[in-house]
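# A closer look at the structure
Here's the letter readout for the chains.
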Amino acid sequence: AALAVVVVAFLAYSLPPYFTGGTRVPATFALHYPLLVAHVMFASVAMVTALAQIWPGLRARRPVLHRRTGRIYVCTAIPAAGCAMVIGAATPFGPVLAVSNVFLASLWLWFTVNGYLAARRRQFAKHRRDMIRSATLALSIITNRIWTPVLVITCQPLQDSMFGGNQEHFVWFVAGVGAWLGWSIPF
């Protein structure tokens, strides 16, 4: 229940700009904004269905619902991860973040596809492991949004000494480290 509240609050804060043609991320190439919107929308559905998938007892009490929400999860996580690889590689927030984004998206895609294929082969222990990893990666954007402000606050005094006052390099550092911590710790 607590995770559901966090996910709903995260989506309530994150989604509105994308419904009105806005964004919090500057575009870096022509298709950036459409891919970003597609990623956000697919990933939002994936996050909600991931909650249903990891809800204790759903699989046991409602196996048909588990399968249906699982299919929705897979059908939204795959394009969300694909879009994330493209837009993540072209992030305006530096190379450390770009590598983290592409690695995260690749792992998310890998575990989603492998988890789905394991279920189709009736390898349910492997399916469960891979899908828990996939859901963890899908939901890790929430912890990323926690780490980054913490890093901004704690590292701000170092901006002049470590980065020579260069705001862009400071942002690259904070965004990159926040991204790596955001998914690697939950993973």
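Up top is the structure.
This report concerns the structure included in the present document. Keep in mind the model is a prediction, meaning the values are calculated, not measured.

## Focus: the state of the cysteines
- Following the criterion strictly, the structure yields zero disulfides and no others.
- As a non-bridged cysteine, Cys75 has Cys83 as the owner of its nearest cysteine sulfur, 14 Å distant.
- The exposure class assigned to Cys75 is exposed, which follows from its relative accessible area of 57%.

## Side note on helix H8 (residues 141-155)
- Counted at 1.5 Å a residue, the expected span for H8 with its 15 residues is 21 Å, and the 21 Å between its end C-alpha atoms agrees.
- Listed in full, the buried residues belonging to H8 are Ile142, Asn144, Leu151 and Cys155.
- Residues of H8 that are buried in the fold lie against helix H1 (2-14), helix H3 (32-54), helix H7 (124-139), helix H9 (159-163) and helix H10 (167-184).

## Considerations on the packing of H3 against helix H5 (residues 63-89)
- Two numbers describe how H3 lies on H5: the axes approach to 7 Å, and their chain directions differ by 150°. Taken together, the axis directions place H3 and H5 in an arrangement best described as roughly antiparallel. At the point where H3 passes H5, the crossing takes the left-handed sense.
- In the contact of H3 with H5, the residues fall into 18 nonpolar, eight polar and no charged.

## A closer look at the packing of aromatic side chains
- A complete count under the given rule lists seven aromatic pairs for this structure.
- When the centroid spacing of 5.6 Å and the interplanar angle of 45° are considered together, the rings of Phe111 and Phe187 count as tilted. You can see Phe111 sitting in helix H6 (residues 95-120) and its partner Phe187 sitting in the segment after H10, a full 76 residues away along the chain.
- Classification of Phe111 by relative accessible area gives buried; the value is 11%.
- According to the relative accessible area criterion, Phe187 is partly exposed, its value standing at 39%.
- Ring geometry for Trp180 and Trp183: centres 5.5 Å apart, planes at 40°, overall tilted. Residue Trp180 and its partner Trp183 are both found in helix H10; the two are separated by three residues, about one turn of the helix.

## Details of the environment of Ser106
- One can find Ser106 in helix H6.
- Judged by its relative accessible area of 28%, Ser106 falls in the partly exposed class.
- Measuring from C-alpha to C-alpha, the distance between Ser106 and Ala175 comes to 19 Å, with 69 residues separating the pair along the chain.

## Quick word on the layout of surface pockets
- The computed volume of the largest pocket comes to approximately 1100 Å³.
- Lining the largest pocket are 40 residues, and of these Val25, Asn101, Ile141, Asn144 and Arg145 lie nearest its centre.
- Mapped onto the lining of the largest pocket, the elements with two or more residues apiece are H1, H3, H5, H6, H7, H8 and H10.
- Of the residues forming the lining of the largest pocket, the biggest block, seven residues, is contributed by H3.
- Taken together, the residues of the lining of the largest pocket sort by class into 26 nonpolar, twelve polar and two charged.
- Within this model, the second largest pocket holds a volume of roughly 740 Å³.
- Lining the second largest pocket are 26 residues, and of these Gln53, His66, Arg67, Ala119 and His127 lie nearest its centre.
- Elements supplying a minimum of two residues to the lining of the second largest pocket: H3, helix H4 (58-61), H5, H6 and H7.

Rules and cut-offs
Residues numbered from 1 in each chain as written. Predicted model: local features only at pLDDT ≥ 70, side-chain atom pairs only at ≥ 80, totals over all residues. Heavy atoms only, no water. Disulfide = S-S within 2.5 Å. Buried < 20%, exposed > 50% of the residue type's maximum accessible area, 1.4 Å probe, protein only. Helix = DSSP H or I, 4+ residues; strand = E, 2+ residues; numbered from the N terminus. Expected span 1.5 Å × (residues − 1). Contact = heavy atoms within 4.5 Å. Axes fitted to C-alpha atoms, helices over the stretch in contact; angles between N-to-C directions. Parallel < 35°, antiparallel > 145°, perpendicular 65-115°, else oblique. Left-handed = near helix turned anticlockwise from the far one by under 90°. Nonpolar A, V, L, I, M, F, W, Y, C, P; charged D, E, K, R; others polar. Phe/Tyr/Trp six-rings, centres within 6.5 Å; stacked < 30°, edge-to-face > 60°. 1 Å grid on protein atoms, 1.4 Å probe; cavity = no way out; pocket = protein on both sides within 12 Å on 5 of 7 lines; lining within 4 Å. Points joined across faces, edges and corners; volume = space filled by probe spheres on them.

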